[in-house]
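What follows is the residue order along each chain.
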Amino acid sequence: MTSEDVLAPVSETEALRQQLLQAQRLSSVGELASSIAHEFNNILTTIINSAKLGSRNQDPAEKQLAFDRIVKAGQRAAAIAGGMLGFARKSATHRQHCDIARLVEEVLILTDKDLSKNRVHVETKFHARPVAWVVPGHIEQILVNLILNARQAMPNGGRLKIEVRDNVDSETAEIKVSDTGLGIAPDQLRMIFEPFYTTKLPDEYGRGGTGLGLSVCRQIIEQHHGRIRVESVVGKGSAFTVKLPKRLTDDPE
């Protein structure tokens, strides 16, 4: 047996793992697609109406106001499109020094319309803006999964709170995502990170959870040498706390 024979299964396993991450990422994109399409339709309506008003109005101030609305709408569309394409394509695995609060802000641009359509009020609280040595696309994937899970746990709307902390004592960046949803029963709680296990019932179209979202989250967090903790009370909601080391032994200066 050659050294190549020994190493091949490891490479194949890593390739399959990357394919799983990408497939799960695209599944999240699909979840957001209809809301984002609706948001683009609203933006286009604003641009078209403002362009018509600007072309018809002879008042320079009114024309400028119309142009400003067009620019603002175009910038909003560019931010959404850029975020969507970036999230879907981010397959790089190299780590960077990232502002964790900034990653939360970028993900909320993508999920904003989906959350508002489902009557979910978002509250963010950045106690600090810690910088951690992470793969940015992977941390965004964790955030999208946790946010979509929280929204699905609140079928009648509710409150989603995202907090970012800098834990100086443990040298970790902490992200807490909490909701006021249905909660998770104690007997299910110990299973939620297992592959293909889901607590979600099929929706009106027969679609349920894949059972991969939280499993993928755990894989990513473990690869970052971090931890994830969940607390939940049936009927009151759940809170997921992710702790990521700000530095690793191989972290460049």
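These numbers were taken from a predicted model, which means no experiment stands behind them.

Here we take up the overall build of the protein. The secondary structure content of the protein amounts to 6 helices and 7 strands. When the elements of the protein are put in sequence order from the N terminus, they spell out α-α-β-α-β-β-α-β-β-α-α-β-β. A sequence separation of at least 24 residues applies to 75% of the contacts in the protein between residues at least 6 apart.

Take the side chain of D114 next. Residue position: D114 is located in helix α3 (residues 100-117). The class for D114 is buried, based on a relative accessible area of 2%. Those residues within four positions of D114 in sequence are excluded, and the remaining contacts are E31, L32, S35, L148 and R151.

Let us look at the packing of α3 against helix α4 (residues 136-152). Helix-helix packing is described using two parameters, namely the angle between the two axes and the distance between the axes. Taken N-terminus to C-terminus, the directions of α3 and α4 make an angle of 35°; their axes are 10 Å apart at the nearest point. Between α3 and α4 the crossing geometry is right-handed. Touching L103, V104, E106, V107, L108, T111, D114 and L115 of α3 are P136, I139, E140, L143, V144, I147, L148 and R151, all from α4. Class assignment for the residues of the contact of α3 with α4 results in 11 nonpolar, 1 polar and 4 charged.

Moving on: the environment of A66. Tracing the backbone shows A66 in helix α2 (residues 60-89). Considered as a pair, A66 and T46 are 20 residues apart in the sequence and their alpha carbons are 9.6 Å apart. A66 has contacts with S50 and G54, leaving out every residue within four places of it along the chain.

Below, the discussion takes up α4. Compared with an ideal rise of 1.5 Å per residue, which puts 17 residues at 24 Å, α4 spans 24 Å between its outermost C-alpha atoms and is within 8% of the ideal. Extensive coverage of α4 is indicated by the burial of 16 of its 17 residues.

Right, let's get into the nonpolar core. Buried together is how nonpolar side chains tend to be arranged in soluble globular proteins. Counting 45 residues, the largest nonpolar core has I100, L160, I175 and F240 as its most contacted members. Take this core: its biggest share by element is 8 residues, from α4. Non-local contacts of I175, meaning those with residues more than four positions away in its chain, are made with I100, I139, L143, I162, E163, F240, T241, V242 and L244.

About the cut-offs
Positions within a chain are numbered from 1, following the residues in the order the chain's sequence is written. Given that this is a predicted model, residues contribute local features only at a pLDDT of at least 70 and side-chain atom pairs are listed and counted only at 80 or more, while totals for whole chains, interfaces and linings are drawn from all residues. The basis for every side-chain value is the complete set of non-hydrogen atoms in the structure, without hydrogens or water. Counting from the N terminus, the helices are DSSP H or I runs at least four residues long and the strands are E runs at least two residues long. Residue contacts follow a heavy-atom distance rule, with two residues in contact if any of their heavy atoms lie within 4.5 Å. Burial status follows relative accessibility: with a 1.4 Å probe on protein chains alone, a residue under 20% of its type maximum counts as buried, one over 50% as exposed, and anything between as partly exposed. Axis lines are fitted to C-alpha atoms, over the contacting stretch for helices. Their N-to-C directions set the angle, which ranges from 0 to 180 degrees. With the far helix as reference, a near helix turned anticlockwise by less than a right angle produces a left-handed crossing, and one turned clockwise produces a right-handed crossing. Put simply, Ala, Val, Leu, Ile, Met, Phe, Trp, Tyr, Cys and Pro go in the nonpolar bin, Asp, Glu, Lys and Arg in the charged bin, and everything else, Gly too, in the polar bin. A helix is expected to reach a length of 1.5 Å times the quantity of its residues less one. By nonpolar core we mean a set of buried residues, namely Ala, Val, Leu, Ile, Met, Phe, Trp, Tyr and Cys, connected to one another through side-chain atoms within 4.5 Å.

What is shown is where atoms sit, not what they do.
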